[in-house]
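Examination of the molecular architecture
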Amino acid sequence: MTLSTPPGRAHAPAGTRRLVRTLYASAFCDEFVLLYPVYALLFADTGLSVWQTASLFALWSLTGVLLEVPSGAWADAVSRRLLLILGPLLTAAGFALWVLVPSYGAFALGFVLWGAGGALGSGALEALVYDELERAGAADRYARVMGRARAIGIAATMSAMGLAGPVFARGGYDAVGAASVLACLAGAGVATRFPEHRTPSGGGERWSATLADARADRSVRGALLLVPAVTAVWGALDEYTPLLARDTGVAAETVPWLLLVIWAGATAGSLLAGAAERLTTSGFAALLTGSALALAVGALAGTPGALVLVALAFGGFQLATVLADARLQQRVDDTGRATLTSVAGLGSELGNLATYGAYAAAATAWGHGTAFALSAVPYLVTALVLAGAARTTVAAARARRGSRRSPS
């Protein structure tokens, strides 16, 4: 399939401007959380052991896994905008608990609230944005708009990391916690500005029918599988990039600068989504292949300069993530859009968990560089599957043309 943008459409139609502005502001608020770089320190300073901290991360992931699909079905049954408002409020409550009553129980409840808040937004956001763009006759701009939103989110994360140090130095955990809560509250306020013209489906019985329809439709099933195939591995690898950077032999104070290079690559990938909308399935396979090879070579080289290749790989994977989401949105029906997007998100969550385990085993045995390089293998396999599917489609089209030419 080819994702195309009609020539001459350089700007969003007037009816989508409010949607786009709100989306970009929401993306910034969601990621501008000053607690991100220091919450592990908060846990340690409260007296938690490594295993207790690990159990909190596991609880966070488990909450997302359990609530991902039900929250998507709820978004289809009620107002998607409502869920986008509630999500940041739950996250704000969790962060407030962490700094007001720091303890293992408060941290655990906070992670449950954070996981629930993230699950409410997952699926609902993509569905709302696509439906509103489609209503305005601008569905072809979805990849471009979501790519820019993801880039803004990355920029917000990097800004929060830069500000966390000075704010923490002046006010400690209370200051960074208060700033994080305010960012979440601002995100909830921004979400009230999302336009929503759809009529909720009402009732919860539709979600099972939506899943059955997706299972029976080969194109939808393929699009559902592509999302986790593209997002799961590199979505887990980003947690280990500081360790990969440190293993190149640089001083500890240089590691953040190398991480900026890597995330600059991911940001560039997001911004290229609009230009890459016309990629065919073969082109998509080539994108994954090139990104996988860049990841393997850059990780195995073990030098600071080679991390530029890792940045290129992350840019390619981020671009593929946006395009895979766009392909899914184009194939699903609006009544079950959030549900199926959440199913794809569930696949990504499970893939993340599997990647964490596989990475830990590989890094323990052979080091971080080799673990990163081995993580390129699933992308090469996905690229081969896509290339095979593209060849089959081309062969079938040629056969149909040949049958029409042959005399009856």
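Cut-offs used in this document
Residues numbered from 1 in each chain as written. Predicted model: local features only at pLDDT ≥ 70, side-chain atom pairs only at ≥ 80, totals over all residues. Heavy atoms only, no water. Helix = DSSP H or I, 4+ residues; strand = E, 2+ residues; numbered from the N terminus. Buried < 20%, exposed > 50% of the residue type's maximum accessible area, 1.4 Å probe, protein only. Contact = heavy atoms within 4.5 Å. Areas by Shrake-Rupley, 256 points an atom, 1.4 Å probe, with all protein chains shown as cover. Core = buried A, V, L, I, M, F, W, Y, C linked by side-chain atoms within 4.5 Å. Expected span 1.5 Å × (residues − 1). Phe/Tyr/Trp six-rings, centres within 6.5 Å; stacked < 30°, edge-to-face > 60°. Arc of directions from axis to C-beta. Patch = residues over 30% accessible without salt bridge, like charges linked within 9 Å, V, L, I, M, F, W, Y side chains within 5 Å. Salt bridge = Lys/Arg side-chain N within 4 Å of Asp/Glu carboxyl O. pLDDT = per-residue confidence, 0-100.

**Some details on the overall build of the protein**
Of the regular secondary structure elements, the protein holds 16 helices and zero strands. With 408 residues in all, the protein has 49% of them scored as buried. Long-range contacts, defined as pairs at least 24 residues apart, comprise 84% of the intrachain contacts of the protein with a sequence gap of at least 6. Of the roughly 18000 Å² of accessible surface on the protein, 66% is carried by carbon and sulfur atoms.

**As for the nonpolar core**
In this structure, L23, F284, L295 and F314 are the most contacted members of the largest nonpolar core, which totals 82 residues. Ranked by residue count, the leading element in this core is helix α13 (residues 307-331), at 12 residues. Ignoring sequence-local partners within four residues, the contact set of F284 consists of L226, V230, L279, A320, L323, A324, R327 and L386. Counting 22 residues, the second largest nonpolar core, distinct from the first, contains L34, F95, A164 and V181.

**What about helix α6 (residues 124-135)?**
For the α-helix, the turn length of 3.6 residues means that residues three or four positions removed from each other point alike. In this model α6 runs 16 Å from its N-terminal to its C-terminal C-alpha over 12 residues, within 8% of the 16 Å that 1.5 Å per residue would give. Within α6, 10 of the 12 residues are buried, leaving the element largely enclosed by the surrounding structure. Listed as buried for α6 are A124, L125, E126, A127, L128, V129, Y130, D131, E132 and L133.

**Some thoughts on the packing of aromatic side chains**
Tallied over the entire structure, the rule returns 28 aromatic pairs. With 4.8 Å between their ring centres and 65 degrees between their planes, F168 and Y173 make a pair best called edge-to-face. Residue Y173 is classed as buried on the basis of its relative accessible area, which comes to 16%. Here the aromatic residues Y36, Y39, F43, F57, W60, F95, W98, F107, F111 and W114 are joined through ring pairs into a cluster of three or more.

**Observations concerning helix α2 (residues 39-46)**
The complete set of buried residues in α2 reads Y39, L42 and F43. In a view along the axis of α2, the buried residues occupy a sector of 100 degrees, so they form one face of it. Phi for G47, located one or two positions after α2, is positive at around 105 degrees.

**Examining the environment of A108**
In this fold, A108 is placed in helix α5 (residues 104-121). Residue classification places A108 among the buried residues on the basis of a relative accessible area of 13%. Residues A108 and L56 lie 52 residues apart in sequence; the distance between their C-alpha atoms is 5.9 Å. Here A108 is in contact with L56 and L59, once residues within four sequence places are set aside.

**Re a nonpolar patch on the surface**
Judged by side-chain polarity, V261, V297, V308, L309 and L312 come together as a nonpolar surface patch covering roughly 400 Å² of accessible area. Looking at the nonpolar patch, the element that brings in the most residues is α13, giving three residues.

**A word on the confidence of the model for the protein**
Confidence in the prediction for the protein averages 87 pLDDT; 89% of positions are at 70 or higher. Across the protein, the element-wise mean pLDDT spans from 64 in helix α8 (residues 206-216) up to 97 in helix α12 (residues 281-301). Here residues 1-10 scores under 50 on pLDDT; set against residues more than four positions off or in separate chains, the count is 31 contacts.

**Let's talk about the environment of L133**
With respect to the element layout, L133 can be found in helix α6. The exposure class of L133 is buried, given its relative accessible area of 1%. C-alpha of L133 to C-alpha of V20: the two residues are 113 residues apart in sequence and 9.3 Å apart in space. Once residues within four sequence positions are removed from consideration, L133 is found in contact with T16, L19, A138, A139, R141 and Y142.

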